[in-house]
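Chain by chain, the residues:
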Amino acid sequence: MEMDTTRAPIEGLNRIFKGREEVARFWSEWLEAWGEQDIGEPEYIESGDQILTWVDTHQLRGRGSGVKVDFPPYGWLLTVRDGKIVRGTVYLDRAEALEAAGVSP
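This text gives an overview of the structure that appears in the document.

Scoring rules and cut-offs
Residues numbered from 1 in each chain as written. Predicted model: local features only at pLDDT ≥ 70, side-chain atom pairs only at ≥ 80, totals over all residues. Heavy atoms only, no water. Core = buried A, V, L, I, M, F, W, Y, C linked by side-chain atoms within 4.5 Å. Buried < 20%, exposed > 50% of the residue type's maximum accessible area, 1.4 Å probe, protein only. Helix = DSSP H or I, 4+ residues; strand = E, 2+ residues; numbered from the N terminus. Contact = heavy atoms within 4.5 Å. Pairing = 2+ DSSP bridges.

**What about the nonpolar core?**
Thinking step 1. Met 3, Leu 13, Phe 17, Phe 26, Trp 30, Tyr 74 and Trp 76 are the most contacted members of the largest nonpolar core, which has 14 residues in total.
Thinking step 2. When contributions to this core are tallied by element, the ones reaching two or more residues are helix 1 (20-33) and strand 8 (74-81).
Thinking step 3. If sequence neighbours within four positions are ignored, Phe 26 has contacts with Met 3, Leu 13 and Phe 17.
Thinking step 4. Membership of the second largest hydrophobic core comes to eight residues, among which are Leu 77, Tyr 91, Ala 97 and Ala 101.

In structure tokens form, the structure reads like this:
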């Protein structure tokens, strides 16, 4: 499993996480840092062995500080093999995400 967040504008987050343990550790720490989350209804676009999930609204609240943070629109391009996600790549540009998925805008 591989998770590519190199397009994220957040220091320490913009890298490639490799292996189940590394990806799981990232999500565990991420979820621990944030209290509540409000995620708008994602759009799902299938293309072969890939699924693009696009989210227009996502707001987080810091668990300790209570500060609200609005995320810009983003998408995850997920590659699926044998019913399992083997790669996830985050995109902040919808046209770029659609192009990577092989879907015309």
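After that view of the structure, there is still more to cover.
**Here's the deal with the pairing of strand 7 (residues 68-71)**
Thinking step 1. Pairing of strand 6 (residues 58-62) with strand 7 involves four bridges; the strand directions are antiparallel. Bridge pairing in strand 7 places Gln 59 opposite Asp 70.
Thinking step 2. As consecutive antiparallel partners, strand 6 and strand 7 are separated by five residues, and within that stretch Gly 66 has a phi angle of approximately 80°, a positive value.

**Observations regarding unusual backbone geometry**
Thinking step 1. Even without a glycine there, the phi angle at Asp 82 is positive, about 50°.
Thinking step 2. With respect to the helices, strands and loops of the structure, Asp 82 is situated in the loop between strand 8 and strand 9 (84-91).
Thinking step 3. Under the relative-accessibility criterion, Asp 82 is labelled exposed at 79%.

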